Each structure stands twice: as structure tokens, then as C-alpha cells.
2 protein chains.
Amino acid sequence: MSENGSLRRGRPGYDQQGILEVAVAAFNQFGYDATSMGVLADRLGLSKSAIYHHFASKDEILERALDEALSGLEGVLDEADAARGRAADRLDHVLRGAVHVLVDKLPYVTLLLRVRGNTEVERSALERRRAFDRRVMALVTEARDEGSLRSDIDPRIVERLLFGMINSIVEWYRPGGKEDADRLADDVIAVALDGLRMPTSNRIEELLG
Amino acid sequence: MSENGSLRRGRPGYDQQGILEVAVAAFNQFGYDATSMGVLADRLGLSKSAIYHHFASKDEILERALDEALSGLEGVLDEADAARGRAADRLDHVLRGAVHVLVDKLPYVTLLLRVRGNTEVERSALERRRAFDRRVMALVTEARDEGSLRSDIDPRIVERLLFGMINSIVEWYRPGGKEDADRLADDVIAVALDGLRMPTSNRIEELLG
DNA sequence: ATACTAACTGAACGATCGGTTAGTAATGTC
DNA sequence: GACATTACTAACCGATCGTTCAGTTAGTAT
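What counts, and at which threshold
- For every chain, the first residue of the written sequence is number 1, and numbering continues from 1 onward in sequence order.
- Whichever chain is written first is A, and whichever ligand is written first is 1; the rest continue in order.
- A pLDDT threshold of at least 70 governs which residues receive local features in this predicted model, and a stricter bar of 80 or more applies before side-chain atom pairs are shown or counted, although totals over entire chains, interfaces and linings include all residues.
- As a rule here, side-chain values cover all heavy atoms of the structure and leave hydrogens and water aside.
- By convention in these notes, a residue is near a molecule or strand provided one of its non-hydrogen atoms lies within 4 Å of it.
- Each polar contact in these results corresponds to two N or O atoms within 3.5 Å; when the atoms are within protein, one needs to be able to donate a hydrogen and the other to accept it, and residues that are neighboring in sequence are counted only if both atoms are side-chain atoms.
- Numbering of helices and strands runs from the N terminus, with a helix taken as a DSSP run of H or I at least four residues long and a strand as a DSSP run of E at least two residues long.
- Any residue that is not Ala, Val, Leu, Ile, Met, Phe, Trp, Tyr, Cys, Pro, Asp, Glu, Lys or Arg is counted as polar, Gly included; the first ten are nonpolar and the last four charged.
- The copies were overlaid by least squares, fitting only the C-alpha atoms of residues that reach a pLDDT of 70 or more in each copy.
- Note on definitions: a residue-residue contact is assigned when non-hydrogen atoms from the two residues lie within 4.5 Å.
- UniProt positions are given in the numbering used here, feature names are shortened, and annotations may be inferred rather than shown by experiment.
- Fitted lines through C-alpha atoms give the axes, limited to the stretch in contact for helices. The angle between two N-to-C directions lies from 0 to 180 degrees.
- Throughout this description, any angle smaller than 35 degrees is read as roughly parallel, any larger than 145 degrees as roughly antiparallel, any in the 65 to 115 degree range as roughly perpendicular, and the remainder as oblique.
- Each crossing is labelled by how the near helix is turned from the far one, with a counterclockwise turn of less than a right angle marking it left-handed and a clockwise turn marking it right-handed.

Asker: Is there a simple way to explain the protein's contact with DNA strand C in this structure?
Answerer: Taken together, the neighbourhood of DNA strand C is formed by 27 residues, with Arg11, Ser47, Ser49 and His53 of chain A together with Met37 of chain B sitting nearest. In DNA strand C, atoms within 4 Å of the protein come 60% from sugar and phosphate. A distance of 2.7 Å separates a phosphate oxygen of DNA strand C from a polar backbone atom of Met37 of chain B. Take the surface near DNA strand C: its biggest share by element is four residues, from helix H3 (residues 48-54) of chain A. Tallied by class, the residues present in the surface near DNA strand C amount to eight nonpolar, 11 polar and eight charged.

If you want it as C-alpha cells, here you go:
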């Protein structure tokens, strides 16, 4: 439960991170609202009140979890914004990076994608998500203007379809399969950029014509 | 509240459909579990107990709503299975049909896509969804085998990415905008089949080589 | 030993949950 | 008017919700 080698002081047991992992797994299985502190305590093998030693409220557990996901996604965008080069290349980096964050922090991102905005914590997370989307939209627009992306579809719709596809990964991807994160990112980028259609001579003529 | 012109007998008021529409809207706003029968009654302008005149339980309201979405989606697949012709054309019909069902029954499909499987009703709906996905996967496999779709990506992943993209429409599409269902379906199919990349001479050479 | 720190328990709180019961109100039909 | 039909209300139920509190346990540090 502790990541550093030196022994922790005080009575051994869960720390915040340990509680968080179990809680997020439960939230994802039942939904946040449908997960009671009682069943959460059962899963931890603790009493309900023990949880309140580590977190001030159920809401605060959610807040920590959502920040874990959001900071990961925002980090990918920060890297892209710091880099120079074609917008298409920076967008490529963001898409692949987003897939990796999804896979590495799967439970946290899964939870984030199901937030409805019932509380202040949830609304704040939704706003950070919207800000993320806006930054990606700007990148898509840039890539279109430099001639890298097709210009016949609204960049906002392009961005939403792109992340609709990427985010849906949390619905079915499970780690440990033959499909690792790199291969998955390759597939997603291949479908997104080049489409599903099998190239044919007809298509080549169409492109030439 | 009534769709037929002739007057209903008995005291006027809500019928099942009227209750259902308001309930589904509330479920989508707050989430099913976070929507209490109390706030639902407030939205309807009724007492809690009045709702139980129309539905036996909260669960039954959900059941009706999920069936509305599922029967719509299954209908599209039934049409495609009844038709003859290339698998690619039947798949095209399914994808466009799914977009239209999503738009026409937006609140119901939105609700369906958020079901977690906590109750028997939810688990049954999830199983119908999985059966739908399996039928679409078979169609994707057929289209690949006839040479219409690229063969370098697992058909199961293709299907999931496709419907990840399509299903994500419920997260942002709102009726009444400039983007109607037909245009939206065109955009989705365009991105899915031909990708986002701007065709270049390099790409043509690559296809020819 | 003593002090300190962190982890935890059991019992209880007020609030809210989904649901029940018994009775009432408003319409069309005859 | 009587009657059937449909829609609804007020009051209440036991269960469960998130949370609090006073006290206990198990370890490290000096």
C-alpha cells in the first residue's frame, strides 16, 4: 500500500491512495451515486467511519479521482502546446497521448467520462473537460487550415467524433489483453485519419480525377 | 399529452407516455440513481404516489425507456438483415439508421448508453445491447471478407470504434441546430469510411505503390 | 517506559430513499 | 342523475443514506 521503501509511522493500514483505488473501482462498477459508503466499507474490509479518517466526504473521494484523470489529459495537451512543428503532428501526439492516458489511468478516466454535474465537484470537473475539448478543437482547426485535414466538416464535429471514438475505449478495453496501448493507439489513429474503406483502384482514380 | 384526437375517458392528466418523457429527461440530467421519486414528482407537478398510479416502480419506468431505445436500434438491424446486396451497403444502412434512431429517440438512447447493470432490468438491457453489437460485428466481418473494408484491424475493434463514435453523438447533439440528422449521418459515415486526412498526391502515390 | 502518530470501531444521528394505503377529484357515457 | 373510468393526494412505513463522535488499537520514535 505504500510506494516508498521506508516504513510508515503509526498503525499500518490503508493510505489515501489505497482507499482511492478500491473506491474508484466500486464507483465504476455501480455508478457513483449507487455506491453507498456501506458497500464501499465492505469492499475495503473496514467500517464506514474508517473511510472518514482518510477522506472528509464521499464527494472528496470523487474529487481526487477526477483530478487524477484530468491532470493526465491536460498534461498531454501541455506537451503538444509546448512543441513546435505542424499542427497535424501535434494533434497526432495528443490523440496517441490521450489513448495512453486512457489506458494507464483507465478507472479514473472511466469515472470522469460518466460525471453528470450533480454537485459542485462534478461541475468543476465538467468545466475542465470542456476546456480540454476547446483546446483540442483549436488544434483541429489549425491542422485543417494548414491543409492537413479535410475541410468539408466542422472542426467542432471532427473533434467530438474523434474523442467520441477515443473515449469509448473505456467501455471495452481491459488491460492485459493482446492489444496493448501502442497497438491500440495505432489502430485508432489509422481509422481516424485514413478511414475504414479498403483502398481500390476506383478510389485512386477518384482522387486523381 | 394524448396523441389521438378523440378525448380520453376519465379524469384528464398524465398518461404513461407523458410521465415517461419527463422521467427520462430527469434521469438523463441527474442520472437514474440520483433522481429521486420526490424530485421527479416535483417536475411533474404531482405527488410521489401519483406516479405509482402509472408505473409499478421506478425500475419499471427505466424498463419502458430502455425498451424504447433498444427496439429502435434492433429495428434498423432487422431491416439490414432482411435486405440483400453487398455487406458494405447493408452496413452503411445500419450506421445511418443508428444515427437516425439516436437523434429521433435521443433521450431514450442516452439513458440506454449509461446503464451500469445494477438491477435485473439493467442487466437485461445490457444483454440486448451486446446482442446488437454482435450482429453488427458479424456485418463488419462480412464487409471485410468481401473486400470492402480494410483487413488490418480486428473487426471487433472496428465495430467498437464505429459505435463509440456514433454513440458519442448523444453527449453533444441537440435537435434544432443547423446540423440535422441526415447531414450528421453523412459526416459520421464520411469520417468513418474515408478518414480525416486531406487527400494528397503523396497519398495517391502510396496507394498506387 | 513514554510519547506520538496513524488507522480504525461501534453506535448513533437526521435526512432521504422507494413504496404503500385509504380515500378523493374530475372527466365521459348512459 | 348514476356509474365507470382514470387521475390524483395526504399521511405514513421501514430501510438506507452520508456523516459524526467518543473511544480504541497498533505500530514507530526517543
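Asker: Help me understand the relation of the copies chain B and chain A in this model?
Answerer: One chain copy maps onto the other through a rotation about an axis and a shift parallel to that axis. Superposition of chain B onto chain A requires a rotation of 180 degrees combined with a translation of 0.0 Å along the rotation axis, giving an RMSD of 0.1 Å. Taken together, the rotation angle and the small translation identify this as a two-fold axis. A high fraction, 98%, of the interface residues of chain B reappear at the interface in chain A, so the copies pair face to face through one surface.

Asker: Sorry, what's going on with the UniProt feature "DNA-binding region" (unreviewed entry) in chain A here?
Answerer: Following the UniProt record, one finds the feature "DNA-binding region" (unreviewed entry) at residues 36-55 of chain A. Between the end C-alpha atoms of residues 36-55 of chain A there is a gap of 15 Å, over a span that is 75% helix and 0% strand.

Asker: Just checking my understanding: could you explain the packing of helix H4 (residues 58-82) of chain A against helix H7 (residues 120-145) of chain A for this structure?
Answerer: To describe two helices that pack against each other, one gives the angle between their axes and the distance between the axes. Residues and elements named next belong to chain A. Running from N to C, H4 and H7 point in directions that differ by 10 degrees, and their axes come no closer than 10 Å. Between H4 and H7, the interaxial angle falls into the category roughly parallel. Handedness of the crossing formed by H4 with H7: left-handed. Each of Asp59, Leu62, Glu63, Leu66, Asp67, Leu70, Ser71, Leu73, Glu74, Leu77, Asp78 and Asp81 in H4 lies in contact with H7, whose residues at this interface are Val121, Glu122, Ala125, Arg128, Arg129, Phe132, Arg135 and Val136. Here the residues of the contact of H4 with H7 sort into nine nonpolar, one polar and 10 charged.

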